[in-house]
Amino acid sequence: MVNKNISSKILRSLVRRTNSASTITTSRYHRANKSSLNAATSNDFSTSPHPVSNNTNIVTDNDNDEIYNFEDTKALFASVSTGKLLHSAATLNASAFEPMVDLSIWVMNSRLMEFRLFRDVVMSTIKYTAYDHFVAGGDTVETGKTVLKLYDSGLRGMLDYGLEHATDNDSCDEATYQLIKTAESTRFLPPTSVSFVAVKVTAVCPVYLLRRVSDLLRWEYKNSSFKLPWKQQTLPIFSENSPFYHTLQQPPPLTAEEEQDLELAHKRLMSICEKSFESNVPVVIDAEDTSIQPAIDYMTYWASVKYNEPQRAIVYGTIQAYLKDAGDRMALTKKAADKMGLPLGFKFVRGAYMSSERKLAQSLGVESPIHDTIDDAHNCYNGCARYMLDQVSNGPGGIILATHNLDSARLAALKAREHGINKESGKLEFASLYGMAEAMTFGLRNSGFGVSKYLPFGPIEQIMPYLLRRAEENKGLLSSSSLDRKLMLKELKRRMKAYIGLKSENQLKPNSIANN
């Protein structure tokens, strides 16, 4: 653990790295940080020589946008204590060193962890470094304290209990219980301090059943005469260019037992939603890979139809903009909802399954569902954001822009300003992972926008294997934190100079009094 009263000698050694750095400018970093929340940023997108033309793409050459002010690190990190800033800088520097991440993953998966003493030392080390930085707490009580600290600094929390995929009804019931506890915990926190409760449908419905339902939904879309007797009212979940190669032949209908299990999944999601709404906290449902996403969208839009209010979306779905059909699906769903007079809420991410999606498509000899270039993915994300900002500016609905990408956040913020959308409007929330994209987070906050931190939480034994797998998949996400690291070190250097200057001034005061 880093002592908040750390000596100036250690502080000086950390900030020495910034002595030769030139002044950090905003425009310099508009071209950096091509990463996103829930995105594999070690992208193997081929490089596109020119930006892809897109009539919904946000384009601006104005660098004097005043969204970010990275020059004034004092204002940027005003709500962060020196101890926390030092701990964050040290952890991010270590996390950005890929051999360190590789070694951590190897250790956690090695047989050495079977030895209790070794395991205790490793887990203790992780607890006071990466866990404390990237995880909000071990339970709802500890996470509540993190929420209060964020709230005091002008931010909000999105609660995400760290659950793995459920495999049977018993594990689904346990996950539902934990998610209900999460929703209930918000009642003991200040109103609006929690922006959303995050829910994974894979935690309330067995994954095998989600695959079965997805197959049947795909087959129904391609074959209009095919009927699903169990299907409830929902919204469009496919477009013509959606991937259908997962279902190459007609799947058998759900058995009576499977239909009962699906009904149980609906009831579990209902119980979580209703408990969240009792606490006046909306729900955001996360996305997964394309093999099970149709079933997730089906349940998400079913819940939206059931619970969204005439002037307020309280169930949000997730659009993964790295998919080629993302924009079309979003627009079709929105138009269908408009005809029903139903407000919709969307969370936009770039996506997290690029490698596995491409490998599967390649193995089947079909076109990948993922955009061919990184520019295509950026254009899709920005285009979806602009489309929905235009939509909610004239009517009900809401948007969560989950990203660590400076350009995407800046462009969306400029568009929101055009429409007069700010923190008080309740129509736009920027989101980033806890412990990541701090400069962007505080910059958007200082510019008057609502900003949340995604707060994964849970016991260290439960959540660390999950986080290590995410670290392995998203090494680029950690290495892309260079802006945070440089700005944190710059602010630490400023504080050290201010401290030394103040100390010198205080030492001179007695002599001055004596001379007088």
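Conventions adopted
- Every chain begins its residue count from 1, and numbering advances along the sequence as written.
- Local features in a predicted model are, by the rule used here, given only for residues with pLDDT of at least 70; side-chain atom pairs are given and counted only at 80 or more, and totals for whole chains, interfaces and linings are based on all residues.
- Only hydrogens and water are removed before side-chain values are computed, so all heavy atoms of the structure are retained for them.
- Salt bridges are defined by distance alone: a side-chain nitrogen of Lys or Arg within 4 Å of a carboxyl oxygen of Asp or Glu.
- Runs of H or I in DSSP of at least four residues are treated as helices and runs of E of at least two as strands, each being numbered from the N terminus.
- Any residue under 20% of the maximum accessible area for its type is buried, any over 50% is exposed, and the rest in between are partly exposed; the area is computed with a 1.4 Å probe on protein chains only.
- One requirement defines pairing of two strands: DSSP has to find at least two bridges between them.
- Only the stretch in contact is used when a helix axis is fitted, and all axes are lines through C-alpha atoms; the angle between N-to-C directions ranges over 0 to 180 degrees.
- Any pair of residues with heavy atoms lying within 4.5 Å of one another is described as a contacting pair.
- Any pair of nitrogen or oxygen atoms within 3.5 Å is treated as a polar contact; in protein, a donor-acceptor pairing is required on top of that, and neighbouring residues in sequence qualify only through side-chain atoms on both sides.
- Residue count minus one, scaled by 1.5 Å, sets the expected span of a helix.
- What the arc covers is the set of directions going from the helix axis to the C-beta atoms.
- The criterion for a disulfide is a pair of cysteine sulfur atoms lying within 2.5 Å.
- Residues grouped as a nonpolar core are buried Ala, Val, Leu, Ile, Met, Phe, Trp, Tyr and Cys residues, joined through side-chain atoms within 4.5 Å.
- The path from the first strand over the helix to the second decides the hand: if it runs clockwise while the strands point away from the viewer, the crossover is right-handed.
- When two rings of Phe, Tyr or Trp (its six-membered ring) have centres within 6.5 Å they constitute a pair, described as stacked for plane angles under 30 degrees, edge-to-face for angles over 60, and tilted for the intermediate range.
- Criterion for a charge above a ring: Lys NZ or Arg CZ within 6 Å of the ring centre, and within 35 degrees of the ring normal.

### Quick look at the pattern of salt bridges
- Here the structure, examined in full by the defined rule, presents 24 salt bridges.
- Note that Arg-494 and Glu-491 form a salt bridge whose closest N and O atoms lie 2.8 Å from each other. You can see Arg-494 and its partner Glu-491 sitting in helix 19 (residues 482-515), three residues apart, about one turn around the helix.
- Taking relative accessible area as the criterion, Arg-494 reaches 30% and is therefore assigned partly exposed.
- For Glu-491, a relative accessible area of 0% corresponds to the buried category.

### Details of the sheet that holds strand 4 (residues 315-320)
- Read around the barrel, eight strands follow the order 1-2-3-4-5-6-7-8 and close on themselves; strand pairing throughout is parallel. Neighbouring strand axes in the sheet, compared pairwise and without regard to direction, differ in orientation by 30 degrees on average.
- Summarising the sheet, strand 2 (residues 194-199) and strand 3 (residues 283-285) pair through three bridges and their orientation is parallel. Considered in strand 3, the bridge of Val-199 is made with Ile-285.
- Sitting on the sheet, helix 7 (residues 140-152) touches strand 1 (156-161), strand 2 and strand 8 (451-457), and the angle it makes with strand 8 is about 160 degrees.
- Along the sheet face, helix 14 (residues 374-393) touches strand 5 (345-349), strand 6 (398-402) and strand 7 (428-433) and points at about 155 degrees away from the line of strand 6.

### Remarks on the side chain of Asp-286
- If you trace the backbone, Asp-286 turns up in the loop between strand 3 and helix 11 (293-307).
- Given a relative accessible area of 8%, Asp-286 falls into the buried group.
- Side chain to side chain, Asp-286 and Tyr-454 meet in a polar contact 2.7 Å long.
- Filtering out sequence-adjacent residues up to four positions away, Asp-286 remains in contact with Ala-198, Val-199, Lys-200, Ile-296, Thr-318, Lys-347 and Tyr-454.

### Remarks on the environment of Pro-294
- With respect to the helices and strands, the residue Pro-294 is situated in helix 11.
- Overall, Pro-294 belongs to the buried group, its relative accessible area being 6%.
- Separated by 79 residues in sequence, Pro-294 and Asp-215 place their C-alpha atoms 8.3 Å apart.
- For Pro-294, the contacting residues outside a window of four places in its chain are Ser-214, Leu-217, Arg-218, Ile-237 and Phe-238.

### Quick look at helix 7
- Given a rise of 1.5 Å per residue, 13 residues ought to cover 18 Å, and the 18 Å separating the end C-alpha atoms of helix 7 matches this to within 8%.
- Taken residue by residue, helix 7 has Thr-143, Gly-144, Thr-146, Val-147 and Leu-150 as its buried positions. Buried residues of helix 7, viewed axially, fall in a sector of 160 degrees; they line one side. Across helix 7 from its buried face, at more than 90 degrees, point the exposed residues Val-141, Lys-145, Lys-149 and Asp-152.
- Where helix 7 begins, the capping side chain belongs to Asp-139, and its oxygen is found 3.1 Å from the backbone nitrogen of Val-141.
- Positioned one or two residues after helix 7, Gly-154 has a phi angle of 90 degrees, which is positive.

### Some details on helix 12 (residues 326-340)
- Between its terminal C-alpha atoms helix 12 stretches 21 Å, which fits the 21 Å expected from 15 residues at 1.5 Å a residue.
- Along helix 12, the residues classified as buried are Ala-326, Arg-329, Met-330, Ala-331, Thr-333, Lys-334 and Ala-337.
- Where the residues of helix 12 are buried, they touch helix 11, strand 4, strand 5 and helix 14.
- Once helix 12 ends, the next one or two residues include Gly-341, with phi positive near 70 degrees.

### Overview of the state of the cysteines
- Under the definition given, this model contains zero disulfides.
- Note on Cys-380: no disulfide assigned, nearest cysteine sulfur contributed by Cys-384 at a separation of 4.1 Å.
- Take Cys-380: its relative accessible area is 8%, and that puts it in the buried class.

### A closer look at unusual backbone geometry
- If you check the backbone angles, Thr-192 has positive phi at about 75 degrees while not being a glycine.
- By secondary structure assignment, the location of Thr-192 is in the loop between helix 8 (169-185) and strand 2.
- Notably, Asn-280 is not glycine yet its phi reads approximately 60 degrees, a positive angle.
- Assignment of secondary structure puts Asn-280 in the loop between helix 10 (256-278) and strand 3.

### Structural notes on the nonpolar core
- Counting residues in hydrophobic clusters, the biggest one holds 112 residues, and the most contacted among them are Trp-230, Phe-348, Leu-401, Leu-428, Phe-430 and Leu-444.
- Looking at this core, the element that brings in the most residues is helix 11, giving nine residues.

### With respect to the side chain of Lys-453
- The topology assignment puts Lys-453 in strand 8.
- Within the structure, the side chain of Lys-453 is placed 3.0 Å from the side chain of Thr-441, a separation counted as a polar contact.

### Focus on the pairing of strand 6
- Of all five residues in strand 6, five are buried; the element is thus mostly enclosed.
- The side-chain alternation of strand 6 yields two buried faces, one formed by Gly-398, Ile-400 and Ala-402 and the other by Ile-399 and Leu-401.
- Here strand 5 pairs with strand 6 via four bridges, running parallel. Opposite Gly-345, over in strand 6, you have Gly-398 as the bridge partner.
- Note: strand 6 against strand 7, four bridges, orientation parallel. When the bridges of strand 7 are listed, Ile-400 appears paired with Glu-429.
- Handedness of the crossover is the feature at issue here: the chain leaves strand 6, passes through helix 15 (residues 406-418), returns alongside strand 7, and the resulting connection is right-handed.

### A look at the packing of aromatic side chains
- Under the counting rule described, the total for this entry stands at 11 aromatic pairs.
- Look at Phe-238 and Phe-244: their rings are 5.3 Å apart centre to centre, the planes differ by 40 degrees, and that puts the pair in the tilted class.
- A relative accessible area of 7% places Phe-238 in the buried class.
- Residue Phe-244 is classed as buried on the basis of its relative accessible area, which comes to 14%.
- Here a set of aromatic residues connected by ring pairs shows up, and it is made of Tyr-221, Phe-238 and Phe-244.
- Over the ring of Tyr-381 we find Arg-350, and its NZ or CZ is 4.3 Å from the ring centre.

So far we have only geometry, and geometry alone does not tell us how the molecule works.
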